[in-house]
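Coordinate inspection notes
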Amino acid sequence: MALHLGLLAAEGPHNQSFLVRSDNAGIVAVTNKGRSRSAATNAILKQIFALQAKKQCSYPYRICPQSREHRRCAFPRRHCILPSWISPCGSTSLFPIARPPHREVNIIVASAHVTPPSSSRSLSLIPSSLRPHCRADERLFLWRGVNTPPSSTISHPIIEHLASIATRASLRDATSYGAGIRKFHLFCDIFSIAESDRLPASFELLHSFALWAVSDPLKYLAAIRAWHIAQGWPPPLSEDSHTRINWSLRGLDNILSSRRRPPRPPVTLDMLHALKATLALSDPFDACVWAMASCAFFGMMRFGEVSVESRAAFKPAKHLTRKDVFLGFDLAGKAYARLDLPAAKTARPGETQSVFLVTQGPLCPIAALQNLATIIPALPEDPLFSWRDRTGAIRPMVKQRALERINCIMTAWGWGTTFGHSFRIGGASFYLAKKVDPEIVRLAGRWRSLAYETYIRAFEQVASQHLSILSP
């Protein structure tokens, strides 16, 4: 790795002995022998020796086990070429690196302290008083720029205070915006963008950021727009600027289209029948999973609307509770259920969106909700989709746990793995197969755009599975 990154160029590798220290005896043994029983390890060794030949390193090469005094040593300083995900550890004053013999370079392999570069979260921002350490949802208001924004109200303390509290109350959940703002500053740090150019941000800067972000660039641009407004600046991009950025992003999308993963497979009625037949509906956990699956399918709900990311993540102001369910009868005397979502992806701050469910025969979501209420009695403020553990405690259903149970059943029936969004896709394609007006599907699924038309293409793959089981 040191040769690959060019860190030894200044050391003059010719006529020097390189001592590589490691606490992994297996690595030491196979490197000294130059071969291993593992084909993958041999391929790595081949690359190492080829790299040495390419760098013309014909020096004696010796590897020895790492002694105890080196196991906790730290890099004396960060090298300018080292990736930021290789972080220093320990303290140089407490655990100094032993001086190597004359003309010998010490290379310390500290694999236990290296974190793989899995995402931009592992990269660190350059510390700045403009960006104090705070929660993600507070960055929108606490992270500032060096420029002074134009005044938006008259100079009066009461009016200014009202404007401040109104700005903070405009968004119910600013966590996702906080992540976008962090990524923007990370981009600025990498490309050495001056603080004065970050707020307000120019079209050139935001165009470059959108090209660099690649994944969900429009979401990140929305975060930067919200940050500008929260800090008292006008929106940074005009309609024409958005058009130019979208033109570039469309080109990138065309380039990456061949590498994009295939659409998520939709859930079908046959899958729901198999799921219900396999689950033990008298068991609290399975009863909750079935209610989630049935509601997500027939209500065309996002799986994040019927589950939580973790037990601690549940919030009554954000997730469905028992009091958010209303059971009634329509004008025709048919039973229906209404789920009032406290927050939704396409809802404005403070807006409640409703999901309507009607009877659907043996797979009826209303019956699934009634069974859930019978098996797991709970208080009005408790999570709607919840179960009781062995201690009797009410626990919200975690998305990963539910999908693991569902996929275990689907795999056993020979259908393979499904995803949370597969239920929403399956529900939309089911209603289209029933010849429901696409506009009704869009409204019932709470789509603001024509994104639901994507599911029409997904429906082509399973049309026979839906059409063959519809009653005349």
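1. Points about the overall build of the protein
Each helix and strand in the protein was counted, giving 17 helices and eight strands. In the protein, which comprises 472 residues, the proportion classed as buried is 38%. Long-range pairs, those at least 24 residues apart, make up 66% of the contacts in the protein with a sequence separation of at least 6. Split by element, the accessible area of the protein, about 27200 Å² in all, is 56% carbon and sulfur.

2. Examining empty space enclosed by the protein
Counted by the stated rule, this structure contains one cavity of 30 Å³ or more. Roughly 80 Å³ of internal volume is contained in the largest cavity. Lining the largest cavity, in full, are G304, E305, V306, S307, V308, F314, H319, L320, P383, F385, P396 and M397. Looking at side-chain class alone, the lining of the largest cavity contains eight nonpolar, three polar and one charged residues.

3. Some details on the packing of aromatic side chains
To describe a pair of aromatic rings, one takes the distance between the centres and the angle between the planes. The final tally for this structure, using the stated rule, is 16 aromatic pairs. Each ring, one from F209 and one from Y220, has its centre 6.2 Å from the other, and the planes form 55°; the classification is tilted. Taken together, the residues span a long stretch of sequence, with F209 in helix α7 (residues 203-213) and Y220 in helix α8 (residues 217-230) at a distance of 11 residues. Both residues of the pair, F209 and Y220, count as buried. Three or more aromatic residues link up through ring pairs in this structure, and these residues are F184, F187, F191, F209, W212, Y220 and W227.

4. Considering the side chain of S429
Relative to the helices and strands, S429 is located in helix α14 (residues 421-433). A distance of 2.9 Å separates the side chain of S429 from the backbone oxygen of G426, its partner in a polar contact.

5. Here we look at the environment of T167
Within the element layout of this structure, T167 appears in helix α5 (residues 157-169). C-alpha separation for the pair T167 and F141, spaced 26 residues apart in sequence, amounts to 8.9 Å. Once residues within four sequence positions are removed from consideration, T167 is found in contact with F141 and A230. A distance of 2.8 Å separates a polar atom in the side chain of T167 from the backbone oxygen of A163.

6. A closer look at the nonpolar core
Counting 54 residues, the largest nonpolar core has L272, F298, F303, L357, F385 and F423 as its most contacted members. Breaking this core down by element, the ones donating at least two residues are α10 (269-278), α11 (284-298), β5 (335-341), β6 (353-358), α12 (365-375), α13 (399-412) and α14. A total of 12 residues in this core trace back to one element, the largest contributor, which is α11. Setting aside residues no more than four positions away along its own chain, F303 makes contact with M292, A296, K399, A402, L403, I406, G420 and F423. If you look at the next biggest cluster of nonpolar residues, it comprises 28 residues, including C134, L199, L206 and A213.

7. Observations regarding the sheet that holds β5
Ordered by their spatial adjacency, three strands build an open sheet running β4-β5-β6, and the pairing between neighbours is antiparallel. Each end of this open sheet is capped by a strand with a single partner; those strands are β4 (325-329) and β6. On average, adjacent strands in this sheet sit at an angle of 25° to one another, irrespective of strand direction. Here five bridges tie β4 to β5, and the two strands are oriented antiparallel to one another. From the neighbouring strand, G328 faces β5, where its bridge partner is Y336.

8. Regarding unusual backbone geometry
The general pattern is negative phi for most residues beyond glycine and trans for most peptide bonds. For the bond from L199 to P200, the omega torsion is 5°, close enough to zero to count as cis. Turning to its location among the elements, P200 is positioned in the loop between α6 (175-190) and α7. Although it is not a glycine, S192 sits at a positive phi angle of roughly 55°. Following the sequence through the fold, S192 ends up in the loop between α6 and α7. At M300, a residue that is not glycine, the phi angle is positive and equals roughly 50°.

9. Examining the pairing of β6
Burial of β6 is one-sided: the residues Q353, V355 and L357 facing one way are buried, the residues S354, F356 and V358 facing the other way are not. Here six bridges tie β5 to β6, and the two strands are oriented antiparallel to one another. For L339, the partnering residue across the bridge sits in β6 and is V355.

10. Focus on α14
An ideal rise of 1.5 Å per residue puts 18 Å on 13 residues; α14 measures up with 18 Å between its terminal C-alpha atoms. When you tally the buried positions in α14, you get 12 out of 13 residues, the bulk of the element. Within α14, burial applies to S422, F423, R424, I425, G426, G427, A428, S429, F430, Y431, L432 and A433. Looking one or two places after α14, you find K435, whose phi comes out positive at around 65°.

11. Focus on the pairing of β5
In terms of burial, β5 is a largely internal element, five of the seven residues being buried. The loop that links β4 with its antiparallel partner β5 comprises five residues; one of these, G333, has a positive phi angle of about 80°.

12. A look at α6
Relative to the 22 Å expected for 16 residues at 1.5 Å per residue, α6 spans 23 Å between its end C-alpha atoms, a close match to the ideal helical length. For α6, the complete set of buried residues consists of G178, G180, I181, R182, K183, F184, H185, L186, F187, C188 and D189. On the buried face of α6, the contacting elements are α4 (139-142), α7 and α8. Directly after α6, the chain includes S192, whose backbone phi takes a positive value near 55°.

Rules used throughout
Residues numbered from 1 in each chain as written. Predicted model: local features only at pLDDT ≥ 70, side-chain atom pairs only at ≥ 80, totals over all residues. Heavy atoms only, no water. Helix = DSSP H or I, 4+ residues; strand = E, 2+ residues; numbered from the N terminus. Buried < 20%, exposed > 50% of the residue type's maximum accessible area, 1.4 Å probe, protein only. Contact = heavy atoms within 4.5 Å. Areas by Shrake-Rupley, 256 points an atom, 1.4 Å probe, with all protein chains shown as cover. 1 Å grid on protein atoms, 1.4 Å probe; cavity = no way out; pocket = protein on both sides within 12 Å on 5 of 7 lines; lining within 4 Å. Points joined across faces, edges and corners; volume = space filled by probe spheres on them. Nonpolar A, V, L, I, M, F, W, Y, C, P; charged D, E, K, R; others polar. Phe/Tyr/Trp six-rings, centres within 6.5 Å; stacked < 30°, edge-to-face > 60°. Polar contact = N/O pair within 3.5 Å; in protein donor to acceptor, adjacent residues only side chain to side chain. Core = buried A, V, L, I, M, F, W, Y, C linked by side-chain atoms within 4.5 Å. Pairing = 2+ DSSP bridges. Axes fitted to C-alpha atoms, helices over the stretch in contact; angles between N-to-C directions. Expected span 1.5 Å × (residues − 1).

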